[in-house]
Amino acid sequence: MSGYGEKDSTGTSIVTLGVIAVFSLIFLFYWDVLSLLEKSSVSFHTSFLPDSVILFWHMICFLVSGYAIVYMFRMKTGTMVVLDHESRSEITLHPLGIRKFVTFSSWTLICSVVYFLLATLSSFSLFSGFVLPSWMNTAQVLLFTTALGAGFLTSTVVRHVILPAEVKQKRVHEHQFYFHNQLMHNFTTIFLAFEIILIQPELRPHFAVFGLIIGTLYALFAFPFAYFGGGYYVYSFIDPRLKLAPLFVSGLAGAISAFYLGLWVLSMLVRYNGLVGGVAIIVWLSLIVQFRAEEFEREDETNSLQG
């Protein structure tokens, strides 16, 4: 793979992540973001729809997303094109079980599942009269805002980067449209987007810091995993030895935050005018999700198999 310089950039990459982490912590405490999370949590308990409808919606999202995780564990097959740490070249692996959860999209799915679990409990508490602990309400907002930016980034990258690259290389990639991948790449994003429309939560721009944090955490996981664990990088750009690795890792974290800020703007529009804001979110979704291979993709794959 090109992109490696004469000097290993690992040290610079780690320092970059350290700077981002310190900046994020300073931001968290200076702006008292945890207190803002608690204040915003109140808006997650109301909707223009009946409480019973919202409870049903949350339960469906949780059960479908949760089943995707169970499905991934139970699958006896798996396909993953990764960057081998030693050879610095792409290889195809067939991970099973827990090894399927090394992708960033699986982290996003897990955040979403936990969010909808807490949202279901929150909705149920409105009927039972049981009051949830304040930390659960805070965690609900934290998980939602984290998964929101990560989900929209994941869907965008899959549709506009990964799938076109697969087609260009004429590589069979029907596994990208299996049930669990559909959940990670499409429906997680859709569920979270419709949560904005249905709940109309009060989001704050400060919560963009969680995009920096999850991006940094994933990079800090990916580096030692490749060095001491799996021996590969799920995404080639995450290799800290690349010349532009510091830019790539900071770009990952920054992109998640940028997507969140865009959704924060739309959330304000939804609160001001639900119809206009809802249409804007649906249009954005239509540009980043993809549920099946297009005709030209199938033709390319067929030709590659016949060649």
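Conventions adopted
- Residues numbered from 1 in each chain as written.
- Predicted model: local features only at pLDDT ≥ 70, side-chain atom pairs only at ≥ 80, totals over all residues.
- Heavy atoms only, no water.
- Helix = DSSP H or I, 4+ residues; strand = E, 2+ residues; numbered from the N terminus.
- Rg over C-alpha atoms; globule rule 2.2 N^0.38 Å.
- Contact = heavy atoms within 4.5 Å.
- Areas by Shrake-Rupley, 256 points an atom, 1.4 Å probe, with all protein chains shown as cover.
- Lys, Arg positive; Asp, Glu negative; His and termini not counted.
- Charge placed at Lys NZ, Arg CZ, Asp CG, Glu CD.
- Axes fitted to C-alpha atoms, helices over the stretch in contact; angles between N-to-C directions.
- Left-handed = near helix turned anticlockwise from the far one by under 90°.
- Nonpolar A, V, L, I, M, F, W, Y, C, P; charged D, E, K, R; others polar.
- Buried < 20%, exposed > 50% of the residue type's maximum accessible area, 1.4 Å probe, protein only.
- Pairing = 2+ DSSP bridges.
- 1 Å grid on protein atoms, 1.4 Å probe; cavity = no way out; pocket = protein on both sides within 12 Å on 5 of 7 lines; lining within 4 Å.
- Points joined across faces, edges and corners; volume = space filled by probe spheres on them.
- Core = buried A, V, L, I, M, F, W, Y, C linked by side-chain atoms within 4.5 Å.
- Salt bridge = Lys/Arg side-chain N within 4 Å of Asp/Glu carboxyl O.
- Phe/Tyr/Trp six-rings, centres within 6.5 Å; stacked < 30°, edge-to-face > 60°.
- Lys NZ or Arg CZ within 6 Å of the ring centre and 35° of its normal.

A separate point is the overall build of the chain. Helices and strands together make up the secondary structure of the chain, namely 10 helices and three strands. When the elements of the chain are put in sequence order from the N terminus, they spell out α-α-α-β-β-α-α-α-α-β-α-α-α. Computed over its C-alpha atoms, the radius of gyration of the chain comes to 20 Å, within 12% of the 19 Å expected for a compact globule of 307 residues. If one aligns the C-alpha atoms of the chain with their principal axes, the spans along those axes are about 60 × 45 × 35 Å. The long-range share in the chain, meaning contacts at least 24 apart out of those at least 6 apart in sequence, stands at 79%. Per element, the accessible surface of the chain, about 14,800 Å² overall, is 69% carbon and sulfur. Placing the 17 positive and 19 negative side-chain charges of the chain at their respective mean positions leaves the two points 2 Å apart.

This paragraph deals with the packing of helix H7 (residues 209–229) against helix H8 (residues 245–272). Close contact between H7 and H8 brings their axes to 7 Å; oriented N to C, the two are set at 145°. Crossing of H7 over H8 shows right-handed handedness. For the pair formed by H7 and H8, the contact residues are Gly-211, Leu-212, Ile-214, Gly-215, Thr-216, Tyr-218, Ala-219 and Phe-223 on the first element and Val-249, Leu-252, Ala-253, Gly-254, Ile-256 and Ser-257 on the second. Taken together, the residues that form the contact of H7 with H8 break down as nine nonpolar, five polar and no charged.

The next subject is the environment of Ser-267. Summarising the element assignment, Ser-267 is placed in helix H8. Here the alpha-carbon distance between Ser-267 and Ala-193, two residues 74 residues apart in the chain, equals 9.5 Å.

The element strand E1 (residues 80–84) is largely enclosed, with a buried count of four among its five residues. Where E1 lies against strand E2 (residues 90–93), four bridges are found, and the strand directions are antiparallel. Of the residues in E2, the one forming a bridge with Val-81 is Thr-92. Hairpin connection between E1 and E2: a loop of five residues separates the two successive antiparallel strands, and Arg-88 in this loop has a positive phi of roughly 60°. The sheet contact formed by E1 and strand E3 (residues 232–233) spans two bridges and is antiparallel. Following the sheet pairing, Asp-84 is matched in E3 by Tyr-232.

Take a probe with the size of a water molecule and roll it over the atoms, and the empty space left behind shows itself. Looking at the largest pocket, its volume works out to about 1,000 Å³. Forming the boundary of the largest pocket are 43 residues, of which Val-81, Ile-162, Gln-176, Val-234 and Tyr-235 lie nearest the centre. Counting only elements with at least two residues in the lining of the largest pocket, the list comes to E1, helix H4 (104–128), helix H5 (134–168), helix H6 (179–199) and H8. It is H5 that provides the largest number of residues to the lining of the largest pocket, a total of eight residues. Here the residues of the lining of the largest pocket are counted per class, giving 24 nonpolar, 14 polar and five charged.

A word on the sheet that holds E3. Spatially, E2-E1-E3 is the arrangement adopted by the three strands of the open sheet, whose pairing is antiparallel. At either end of the open sheet lies a strand with only one pairing partner, and these are E2 and E3.

Moving on to the nonpolar core. Formed by 78 residues in total, the largest nonpolar core has its most connected members in Tyr-115, Phe-144, Leu-148, Phe-152, Phe-207, Ile-238 and Ile-281. Contacts of Phe-207, omitting those with residues within four sequence positions, involve Val-33, Leu-36, Leu-37, Ser-40, Val-141, Thr-145 and Tyr-260.

Let us now look at the pattern of salt bridges. Throughout the structure, instances matching the rule amount to two salt bridges. Between Arg-204 and Glu-202 there is a salt bridge; the shortest N-O distance is 3.5 Å. Between Asp-239 and Arg-241 there is a salt bridge, with the nearest N and O atoms lying 2.8 Å from each other. Grouping residues by exposure puts Asp-239 and Arg-241 together as buried.

What follows is about the packing of aromatic side chains. Applying the stated criterion across every chain, the model contains 27 aromatic pairs. Ring centres of Trp-57 and Phe-191 lie 5.9 Å apart, and the angle between their planes is 90°; this geometry places the pair in the edge-to-face category. Of this pair, Trp-57 sits in helix H3 (residues 51–74) while Phe-191 sits in helix H6, and the two are 134 residues apart along the sequence. Just as Trp-57 is buried, Phe-191 falls in that class too. Counting every residue linked through ring pairs, the aromatic cluster contains Phe-44, Trp-57, Tyr-115, Phe-116, Phe-144, Phe-187, Phe-191 and Phe-291. Positioned above the aromatic ring of Tyr-4, the side-chain terminus of Arg-88 is 4.2 Å from the ring centre.

On to unusual backbone geometry, then. Of all residues except glycine, most have a negative phi; of all peptide bonds, most are trans. Positive phi outside glycine occurs at Asp-32, with the angle close to 50°. Position of Asp-32 among the secondary structure elements: in the loop between helix H1 (10–30) and helix H2 (33–41). Judged by relative accessible area, which is 43%, Asp-32 ranks as partly exposed. Positive phi outside glycine occurs at Gln-200, with the angle close to 55°. Mapped onto the elements of the fold, Gln-200 is located in the loop between H6 and H7. Residue Gln-200 is classed as partly exposed on the basis of its relative accessible area of 23%.

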